[in-house]
Amino acid sequence: MSLVQQEATSPLLYAILQLVLQQDQQLERAMAQVFGAARPAVGLQSQVVWHCGAFLRKLNAYQQLAGADASLADTVALYFAVQQQGAGDITARWQQLPPAMQDGCPDWLDQLGHTELGTAWPAERAALAQAAPRFIRVNSLKTNRDALQRALAQGGIQSKAVDGVDSALEITSDGALFQTEPFKLGWFEQQDAGSQLVAAALPVKPGSRVIDACAGAGGKTLALAARMQAKGRLLAMDVEQWKLDNLQQRANRAGAANIETRLISSSKTIKRLAGKADFLLLDVPCSGSGVLRRNPDAKWRAPMRLTELRVLQQDILQRYSKMLCVGGELVYATCSIFPSENRAQIDAFLASRPDFQLLSEQHISPATSGFDGFYAAHLRRISELS
């Protein structure tokens, strides 16, 4: 990075980090606030986003090098020095840091990772310390991968196909992706390739009755709608109305006319749908351990509440699964790489629910796939609950 680029980037980076580290704002909201006020050019905004992620992914390492009494401004200055290859003795000092700190891993997370994954943890930890590739999902309701790739190239944005994920492109160049004509036309959505694999694990069909019961922002809902060819009923549910409102806007742009949104206002919302779904996606709340490279600020808040999360996950599995008809199929999914949130939850569920059987499962590892980390278990309901 040149001195001119650093001088342009540093004030915006510092303003965002103040909100995240000193006022405990989420990174995404802090960036929106700062960018909304400063209105930087698209290129500068992209640089700031990159540096925010790079700084926060390895925050504890930069703090250690800067010293115990260093201010945030001093630590940011140290960070930029590290970015300059061969900057004094910093490279040598970096190599002397413990491996977990070089990977930007707080002690509590390192201990948890070793407990959950054992010898597999260091590789996952290192993968989560890297910048995440940028993936998009081709919206097959409006175009195909080759046509989208050509259209993006005409706008100066380069991409490549992703092996093993037919719906995915990896963006390999900088550019204002969301200002392109293909985006305005609804030809794609930004979605990690691993997340696309999770959506594809539920074998929905055109004309099916499908429920996405923890829809959230709706990335997987939109992927399901495309695979249904927008035919049949796709009910997207969540406990937060603003997420469903945003999803409806995205569905309109994507041409996913079969999506209906419904707020989960009480347990009665779930009970009324008993036996109504042919296919059910339960993308449950989780630790987010598989997506820490995209949400690096999460590492520097309170440790993950795994005990509470596991109780919630099992409750959702037990209650929401009753929306599935006999013969119907369910995918239980998390964006976690921790077994206690994944296969352990499925084993506990099956031990108490003989009306279900496990068909298959996927463990999507950042270290081996290059994608975000996910888990997906594919189950079938084989009888009524006695």
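Residues numbered from 1 in each chain as written. Predicted model: local features only at pLDDT ≥ 70, side-chain atom pairs only at ≥ 80, totals over all residues. Heavy atoms only, no water.

Student: Could you give me a rundown of the sheet that holds strand β2 (residues 159-162), with the residues and numbers involved?
Tutor: Strand order across the open sheet formed by 4 strands is β2-β3-β1-β4, with antiparallel pairing between neighbours. The two strands at the open ends of the sheet, each matched to only one other strand, are β2 and β4 (188-190). In this sheet, adjacent strand axes meet at a mean angle of 35° when their direction is disregarded. Pairing analysis gives 3 bridges linking strand β1 (residues 134-138) to β4, with the strands arranged antiparallel. Of the residues in β4, the one forming a bridge with V138 is F188. Sheet strands in contact with helix α10 (residues 145-154) are β1, β2, β3 (165-171) and β4, and its direction is about 10° off that of β3. (Pairing = 2+ DSSP bridges. Helix = DSSP H or I, 4+ residues; strand = E, 2+ residues; numbered from the N terminus. Axes fitted to C-alpha atoms, helices over the stretch in contact; angles between N-to-C directions. Contact = heavy atoms within 4.5 Å.)

Student: Can you tell me about the packing of helix α13 (residues 219-227) against helix α14 (residues 241-254), naming the residues and giving the values?
Tutor: Close contact between α13 and α14 brings their axes to 10 Å; oriented N to C, the two are set at 30°. Put simply, α13 runs roughly parallel to α14. Between α13 and α14 lies a crossing of right-handed hand. Residues G219, T221 and L222 of α13 pack against L247, R250, A251 and A254 of α14. For the contact of α13 with α14, the per-class residue count stands at 4 nonpolar, 2 polar and 1 charged. (Parallel < 35°, antiparallel > 145°, perpendicular 65-115°, else oblique. Left-handed = near helix turned anticlockwise from the far one by under 90°. Nonpolar A, V, L, I, M, F, W, Y, C, P; charged D, E, K, R; others polar.)

Student: Kindly report on helix α8 (residues 107-117), identifying the contributing residues and their values.
Tutor: Since the α-helix packs 3.6 residues into each turn, any two residues three or four apart lie on the same face. Three or more residues of α8 are buried, namely L109, D110, L112, G113 and E116. What you see down the axis of α8 is that its buried residues fit within an arc of 165°, all on one side. Along α8, exposed side chains directed more than 90 degrees from the buried face belong to D107, Q111 and T115. One or two residues past the end of α8 sits G118, with phi positive at roughly 60°. (Buried < 20%, exposed > 50% of the residue type's maximum accessible area, 1.4 Å probe, protein only. Arc of directions from axis to C-beta.)

Student: An account of the nonpolar core is needed here, citing residue identities and associated values.
Tutor: Ranked by internal contacts, the top residues of the largest apolar core, which has 31 residues, are L202, V210 and I259. Contacts of V210, omitting those with residues within four sequence positions, involve L202, V204, L224, M228, R233, L234, L235 and F279. (Core = buried A, V, L, I, M, F, W, Y, C linked by side-chain atoms within 4.5 Å.)

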